[in-house]
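# A closer look at the structure
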Amino acid sequence: MAANKKHKKKFAKKLLHKYRLVILNEDTFEERLSFKLTRLNVFVTVTLSAILLVAATTVIIAFTPLREYIPGYSSPELKSRAVDLAYKSDSLQRVLKLNDQYLNSIKSVLTGEAETGSLNRDSIMESPQPPGEIEPIEPSRADSLLREEVAQEDKYNILASAADNVDFSLFPPVKGSISESFNLKDRHYAVDIVVPKNSAVKSVADGRVIFSEWTTQTGYVIIVRHNYGLLSVYKHNASLTKEQGDIVKTGEVIATAGSTGEYTSGPHLHFELWNEGVPVNPTDYIDFD
């Protein structure tokens, strides 16, 4: 026990034993600087310096742009560019897919398997199913009973449906001649109205903008949701004056007509009208002349 205490005292004495660090001029041996040191204060100084170095490095990595020079860290600008490139590559893949489908349709026409009227670059979304692949499904008894029950409920429903109110007055988005009419068979769910470039495109009714963006195929597109389950779609615009979430009034300018996007052949408005998810012929409700 006494030996232990003696050893501890000896160790403490070594820690507190004083040394002098002297800096001399090599030529004249003149003393320039001198420091009184102990092993303890040298240890404390080195430890504090290491802690400060770690803290400074952490601050640099966390709060300054210098972290971009450290391998494994990237700048927000690089991340933003990576996201943009990912979106563009996704759009290019979609365009390539649509082009392949269109070329397959052309091949079908050349071989006599399809009619030329079925080729439409503006509305094609998927390749037509080859005949014989889809088998008709006979409705089951349970399905028939459910349909009858729903029909009876609608029969006595006092609330008007969208179909009952779709004939309310709609404002023409533009005035011009129709170059291509609505055609369900060809999957052209719109009317194309020829108008001068930068003509004002107006909302057909009161509503809220639910989509206002650029698309590769149809350029600047804006979609407005109206009452009674109606959606109006305006494509190939030169520019958009409203953003997603904006409230628009009947006849209010929401875009300018143009010829943007891949699926266009000149300045016109590609206008679609949807009723509860079903495309309807806009000329049944709007006079474009």
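All chains use their own residue numbering, which begins from 1 and follows the written sequence. Predicted model: local features are reported for residues with pLDDT of at least 70 only, side-chain atom pairs are reported and counted for 80 or more only, and whole-chain, interface and lining totals are derived from all residues. As a rule here, side-chain values come from all non-hydrogen atoms in the structure, and water together with hydrogens is ignored.

Aromatic ring pairs are described here by two measures, namely the spacing of the ring centres and the angle between the planes. We call Phe, Tyr and Trp rings a pair once their centres come within 6.5 Å, taking the six-membered ring for Trp, and we label the pair stacked below 30 degrees between planes, edge-to-face above 60, and tilted otherwise. Taken as a whole and assessed by the stated rule, the structure comprises four aromatic pairs. Geometrically, the ring pair formed by W214 and Y220 is edge-to-face, given 5.1 Å between the ring centres and 70 degrees between the ring planes. What makes W214 partly exposed here is its relative accessible area of 47%. Relative to F271, the ring of Y234 has its centre 5.3 Å away and its plane inclined at 55 degrees; by these criteria the two rings are tilted. One end of the pair, Y234, is in strand β8 (residues 230–240); the other, F271, is in strand β11 (residues 268–275), with 37 residues separating them in the sequence. Just as Y234 is buried, F271 falls in that class too. By the ring-pair criterion, three or more aromatic residues cluster together here, those being Y234, F271 and F288. The cut-offs for exposure are 20% and 50% of the maximum accessible area for each residue type, with area from a 1.4 Å probe on protein chains only; residues under the lower value are buried, those over the upper are exposed, and the others partly exposed. The numbering of helices and of strands both runs from the N terminus, where a helix is a DSSP run of H or I of at least 4 residues and a strand a run of E of at least 2.

Our next topic: the confidence of the model for the chain. Summing up the model confidence of the chain, the mean pLDDT is 78 and the portion of residues at 70 or higher is 73%. Values of pLDDT, the confidence the predictor places in each residue, fall between 0 and 100. Whether two residues are in contact is decided by their heavy atoms: any pair within 4.5 Å suffices. This model gives residues 124–134 a pLDDT under 50, and the stretch forms 15 contacts once residues within four places in sequence are excluded. Segment residues 156–167 is flagged for pLDDT under 50; beyond a separation of four residues in sequence, or across chains, it makes eleven contacts in the model.

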